[in-house]
Protein chains: 2
Amino acid sequence: MTGVLVVDDDPYLLRALRITLRAHGYDVTVAEDGRAALLAAARTPPSLVILDLGLPDMDGVAVLATLRSWSQVPVLVLSARHGSADKVQALDAGADDYITKPFGLDELLARLRALRRRSLDDAEPTLVTTDAFTVDLGKRRVTRDGEDIRLTPTEWKMLEILVRNPEKLITQQQLLSEVWGPAYAKETNYLRVYMAQLRRKLEPDAGAPRHLLTEAGIGYRFMP
Amino acid sequence: MTGVLVVDDDPYLLRALRITLRAHGYDVTVAEDGRAALLAAARTPPSLVILDLGLPDMDGVAVLATLRSWSQVPVLVLSARHGSADKVQALDAGADDYITKPFGLDELLARLRALRRRSLDDAEPTLVTTDAFTVDLGKRRVTRDGEDIRLTPTEWKMLEILVRNPEKLITQQQLLSEVWGPAYAKETNYLRVYMAQLRRKLEPDAGAPRHLLTEAGIGYRFMP
DNA sequence: GCGGATCTTGATGAATCCTTGATGCCGCCC
DNA sequence: GGGCGGCATCAAGGATTCATCAAGATCCGC
């Protein structure tokens, strides 16, 4: 499902957008100020962001700049200002599109479609290599000795979390709640089963792992 | 040098744009009607296109659609019309941005920067070959053993997305929302039906696919 | 309208994946 | 040395997902 984060302080517009976007199949999250928007974007990264520049707590361009510091998500900016200086500022801060109020909902939907069309070919060239295997986070692919390794969805989720935090200790609870959900925080069994499978598929000697390490009683750690 | 093709029939605007864009480091080509624009774009493919919808010889949207049939170059549309129906039509025909006259030159420049930022990873091969079949993304054609393969519109859309992202895993949700729209993100049935058809038409052995691979529970992947 | 192509929808067996329990190993403390 | 807790491994079941087929429903050009 395509997730859209709508950031605006006008409750009426918010309501209209939520209804319209839901009716067109988007999964809508809303935020009424900049702080809430950044929190929401960090917690559940959306596929698209609609951002009003006139927010009560902080400048819209500042929100955009902060978001851009860690996310490449396409952003469509809303503004009541027609002045070209504002547009220039927003576009240069990293906005992908700019639309002035008032606007037609069909135009907004068309611009969203155009944005999403472009967002697919954002090749995220993050490649993590060890001397045994290579993980391509963008293409979602693992290779070993030139051969593709086939991972199940659960195996991949676990590996992705570990690989995105190299050398960092990930607790069992972190892994369980990220992969299976917070309700599974005590099912440490799952971790053993899947860690064993990952090692069998990736480690040269699954009995003596060198990259997927166990920290007894605490969690696991990935070493490049 | 970034090449910009400017298509407009107003000689004054053309002159102003040429001077301004050259001053900002762009390499400018101009065309005064649709036919000349398409010829120029075909002969020396530009990095960006600025297209006025009001042309003397043919409808601007038709020019855009024709251009889109073989090129993915970012297009910024100029129009004197403020109506949202026009915008929707242009954006759905493949425009990447839309700006109404009159406009500020600094806004135009900012939008051009935003467009160029998004299209950095060009180098788009229009011809993708495997040892079983060949896909010509520009001409929208698929050949196998020298024979043309007939694809339905839906089959083509699906294949195009996969082929434009070689080796990359495309999730079921990405495929569904690109081909059928975001509201269909749960109809994974469609994917199976059409993937089976694509394999029957393209794979030497549809039962053991080598180029259109299934990642169970996640999505599909194209391997050249 | 009519006919053909294309798109939906449902049903079936096969393949894959997740869960769960049992078993054995290792290190540690009593 | 024996008991214990945490870990690794294995295998089987049940659940989910996939491939395939075929029958309507719908769209489109003539």
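As shown above, the structure is provided for reference.
This text gives an overview of the structure that appears in the document. (Residues numbered from 1 in each chain as written. Chains lettered and ligands numbered in written order. Predicted model: local features only at pLDDT ≥ 70, side-chain atom pairs only at ≥ 80, totals over all residues. Heavy atoms only, no water.)

Some thoughts on the overall build of chain A
- Counting its regular elements, chain A contains 8 helices and 12 strands.
- When burial is assessed residue by residue, chain A has 47% of its 224 residues classed as buried.
- About 10900 Å² of surface is accessible on chain A, with carbon and sulfur atoms providing 51% of the total. (Helix = DSSP H or I, 4+ residues; strand = E, 2+ residues; numbered from the N terminus. Buried < 20%, exposed > 50% of the residue type's maximum accessible area, 1.4 Å probe, protein only. Areas by Shrake-Rupley, 256 points an atom, 1.4 Å probe, with all protein chains shown as cover.)

Remarks on the protein's contact with DNA strand C
- Near DNA strand C you find 16 residues, and of these Thr154 and Tyr190 of chain A together with Thr152, Thr154 and Tyr190 of chain B are the closest.
- Separating a phosphate oxygen of DNA strand C from a side-chain N or O atom of threonine 154 of chain A is a distance of 2.4 Å.
- Here tyrosine 194 of chain A contributes a side-chain N or O atom positioned 3.2 Å from a sugar or linking oxygen of DNA strand C.
- Sorting the residues of the surface near DNA strand C by element identifies helix H6 (153-163) and helix H8 (188-202) of chain A together with helix H6 (153-164) and helix H8 (188-202) of chain B as the ones contributing at least two each.
- Among the residues making up the surface near DNA strand C, the classes are represented as 11 nonpolar, 4 polar and 1 charged. (Near = heavy atom within 4 Å. Polar contact = N/O pair within 3.5 Å; in protein donor to acceptor, adjacent residues only side chain to side chain. Nonpolar A, V, L, I, M, F, W, Y, C, P; charged D, E, K, R; others polar.)

Details of the pattern of salt bridges
All names here are of chain B.
- Applying the stated criterion to the full structure yields 27 salt bridges over all chains.
- Here aspartate 8 ties to lysine 101 by a salt bridge, and the two come within 3.6 Å at their closest N and O atoms. Of this pair, aspartate 8 sits in the loop between strand S1 (2-7) and helix H1 (11-23) while lysine 101 sits in the loop between strand S5 (97-100) and helix H5 (105-118), and the two are 93 residues apart along the sequence.
- Between glutamate 160 and arginine 164 there is a salt bridge, and its shortest N-O distance comes to 2.8 Å. (Salt bridge = Lys/Arg side-chain N within 4 Å of Asp/Glu carboxyl O.)

Concerning the side chain of arginine 68 of chain A
Residue and element names in this part refer to chain A.
- For arginine 68, the location among the structural elements is in helix H3 (residues 60-68).
- Under the relative-accessibility criterion, arginine 68 is labelled buried at 16%.
- Looking at arginine 68, its side chain comes within polar contact range of the main-chain oxygen of glycine 94, at 2.9 Å.
- Polar side-chain contacts of arginine 68 include one of 2.9 Å to the side chain of aspartate 96.

Considerations on the interface of chain A and chain B
- Contact residues are listed per partner, giving 37 residues for chain A and 41 residues for chain B.
- Between chain A and chain B, a total of about 3400 Å² is buried, with carbon and sulfur atoms accounting for 46% of that surface.
- For arginine 111 of chain B, the salt bridge identified is with aspartate 97 of chain A, shortest N-O distance 3.5 Å.
- The interface formed by chain A and chain B contains 13 residue pairs in polar contact (both at pLDDT 80 or more).
- Only helix H4 (84-92), strand S5 (97-100) and helix H5 (105-119) of chain A provide two or more residues apiece to the side of chain A that touches chain B.
- Ranked by the residues each element gives to the side of chain A that touches chain B, the list is headed by H5 of chain A, at 10 residues. (Contact = heavy atoms within 4.5 Å. Buried area = accessible area lost by both parts, 1.4 Å probe.)

A closer look at the packing of aromatic side chains
- Considering all chains together, one arrives at 8 aromatic pairs over all chains under this definition.
- For the ring pair tyrosine 184 of chain B and tyrosine 190 of chain B, a centre distance of 6.2 Å and an interplane angle of 40° mean the geometry is tilted.
- A residue is classified by how much of its surface remains accessible, and tyrosine 184 of chain B, at 35% relative accessible area, is partly exposed.
- Tyrosine 190 of chain B gets classed as partly exposed once you look at its relative accessible area, which sits at 30%.
- Among the aromatic residues, those joined into a ring-pair cluster are Trp180, Tyr184, Tyr190 and Tyr194 of chain A. (Phe/Tyr/Trp six-rings, centres within 6.5 Å; stacked < 30°, edge-to-face > 60°.)

Here we look at the pairing of strand S4 (residues 75-79) of chain A
Residues and elements named next belong to chain A.
- Burial of S4 is extensive: 5 of the 5 residues sit out of reach of the surface.
- Burial along S4 is two-sided: Val75, Val77 and Ser79 facing one way and Leu76 and Leu78 facing the other are all buried.
- Direction of pairing for strand S3 (residues 48-52) relative to S4: parallel, over a ladder of 4 bridges. Bridge pairing links leucine 51 to valine 77 in S4.
- This β-α-β element, S3 to H3 to S4, shows right-handed connectivity.
- In this structure, S4 lies alongside S5, joined through 4 bridges in parallel fashion. The partner of valine 77 across the bridge, within S5, is tyrosine 98. (Pairing = 2+ DSSP bridges. Right-handed = clockwise from strand over helix to strand, strands pointing away.)

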